[in-house]
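One letter stands for each residue in the lines below.
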Amino acid sequence: MSALPSTKKVLLMGRSGSGKTSMRSIIFADYLARDTMRLSPTIDVEYSHVRFLGNLHLHLWDCGGQDDFYRNYLEHMRDHIFRSVELLIYVFDIESEEEGNDFSQYVDVVEALEQHSPDARVYVLVHKMDLVKDEARESIFMDKRASILSQTGGQLRISFFRTSIWDETLYRAWSHIVYSLVPNTALLESNLNAFCALCGTDEVVLFESTTFLVIAHATFMPHSDIHRFEKISNIIKQFKLSCRKVQAHFEGMLVRHHRVTALFENLTRSTAIMLISSDPEVMHTTALAANVSQFRAQLRLCGLIE
């Protein structure tokens, strides 16, 4: 008998124009960054349902950021909006000229969340960081982080990310968010580590197959680029969209280089797997296919995938 679905309620909030709907459209609706320019402001609340790893369902509430909507959320829909929330994603526009209003609204939202969902986690995304010069981004982000933290003295768990729709930082933040929702991550990563050792690969990465967000990974060979998974997510997603434009069905890819070989293929209906090796002898397609099939069966036996 299959396990009952686990539904996680996620609020996406922030002032109007902060970029909430743009990032949601890129991650969940296959928009390109340049295509988000034609999106209209969110009216009231827009709902999205996303399935991860078979039995994990993400119920995303994208809440319009206009002042009238927030008064309604906080005064008339408080219990409906803020009850049973797993996590809140709050987006700050780094170039907003209404910092005082931003902080006031954020404080009101956090207070409502503490009242109705005290165990919820909070992810604060300091967004549109591409508008800040490279050399100033870290210091400006840390200043903004300190200012936001100074506004809240509650017990909620708060994590911060700087993001932009124009680079891999958006995927990095959302991968962390999804990872925090996945159950049994320790067991999943234990299986990934065992599989990586069995295959003799440098790394194995597990992706959600619609968004290409990273769910988990095993690394046996250190790598200097901490953003490599998010860059790969972006590249593969763009390639998949290119396939769709010519009515080709994307099932996977094999990339060979004199220093590294990477195999990417579907694992289940909702997951994909990537194996990376610097040893060309390891990456024999037939043997890897057999190993992937065995790994798929093992994860199903453990109840980690559908």
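Quick note: structure is the one above.
A brief report on the enclosed structure follows. All values reported here derive from a predicted model rather than from experimental measurement.

### Comments concerning helix α6 (residues 169-181)
Since one α-helical turn is 3.6 residues long, residues separated by three or four positions face the same way.
Piece 1. Over its 13 residues, α6 extends 19 Å from the first C-alpha to the last, a length consistent with the 18 Å expected when each residue adds 1.5 Å.
Piece 2. The element α6 is largely enclosed, with a buried count of 10 among its 13 residues.
Piece 3. Among all positions of α6, only T169, L170, Y171, A173, W174, S175, I177, V178, S180 and L181 are buried.

### Brief notes about the sheet that holds strand β1 (residues 6-14)
Piece 1. Strand order in the open sheet formed by 6 strands is β2-β3-β1-β4-β5-β6, with mixed pairing between adjacent strands. In this open sheet, the two edge strands, each paired with only one partner strand, are β2 (45-52) and β6 (157-162). With strand direction ignored, the average angle separating the axes of adjacent strands in the sheet is 20°.
Piece 2. In this structure, β1 lies alongside strand β3 (residues 56-63), joined through 7 bridges in parallel fashion. Its bridge partner being in β3, V10 is matched across the sheet by L60.
Piece 3. Each of β1, β2, β3, β4 (87-93) and β5 (121-127) is contacted by helix α1 (residues 20-28), which is oriented at about 150° to β3, the strand it contacts most.

### Here's the deal with the environment of L39
Piece 1. Its location among the elements puts L39 in the loop between α1 and β2.
Piece 2. Residue contacts for L39: discarding those within four places in its chain leaves T21, S22, S25 and Y31.

### Quick word on the environment of R296
Piece 1. Of note, R296 is situated in helix α9 (residues 285-301).
Piece 2. Assessed through its relative accessible area of 18%, R296 is described here as buried.
Piece 3. Sequence spacing of R296 and T268 is 28 residues, and the spatial spacing of their C-alpha atoms is 7.7 Å.

### Describing the sheet that holds strand β11 (residues 271-277)
Piece 1. Taken in spatial order, the 5 strands line up as β8-β7-β11-β10-β9 in an open sheet, and their pairing is antiparallel. Two strands in the sheet have a free side with no partner beyond their single neighbour: β8 (214-219) and β9 (252-256). Taking the axes of each pair of neighbouring strands and ignoring which way they run, one obtains an average angle of 10° across the sheet.
Piece 2. Note that strand β7 (residues 203-208) and β8 share 5 bridges and pair antiparallel. Paired with L206 across the bridge in β8 is A216.
Piece 3. Helix α8 (residues 228-245) rests against β7, β8, β9, β10 (261-266) and β11 of the sheet, and its axis sits at about 55° to β7.

### Considerations on helix α7 (residues 185-199)
Piece 1. For α7, built from 15 residues, the straight-helix expectation of 21 Å at 1.5 Å per residue is met to within 8% by its first-to-last C-alpha distance of 21 Å.
Piece 2. Within the span of α7, buried status applies to T185, L188, N191, L192, F195, C196 and C199. Projected down its long axis, α7 shows its buried positions confined to an angular sector of 140°, all on one face. The exposed set on the far side of α7, more than 90 degrees from its buried face, consists of A186 and L198.

Conventions and cut-offs
- Residues numbered from 1 in each chain as written.
- Predicted model: local features only at pLDDT ≥ 70, side-chain atom pairs only at ≥ 80, totals over all residues.
- Heavy atoms only, no water.
- Helix = DSSP H or I, 4+ residues; strand = E, 2+ residues; numbered from the N terminus.
- Expected span 1.5 Å × (residues − 1).
- Buried < 20%, exposed > 50% of the residue type's maximum accessible area, 1.4 Å probe, protein only.
- Pairing = 2+ DSSP bridges.
- Axes fitted to C-alpha atoms, helices over the stretch in contact; angles between N-to-C directions.
- Contact = heavy atoms within 4.5 Å.
- Arc of directions from axis to C-beta.

The quantities given are spatial measurements derived from coordinates; they are silent on function.
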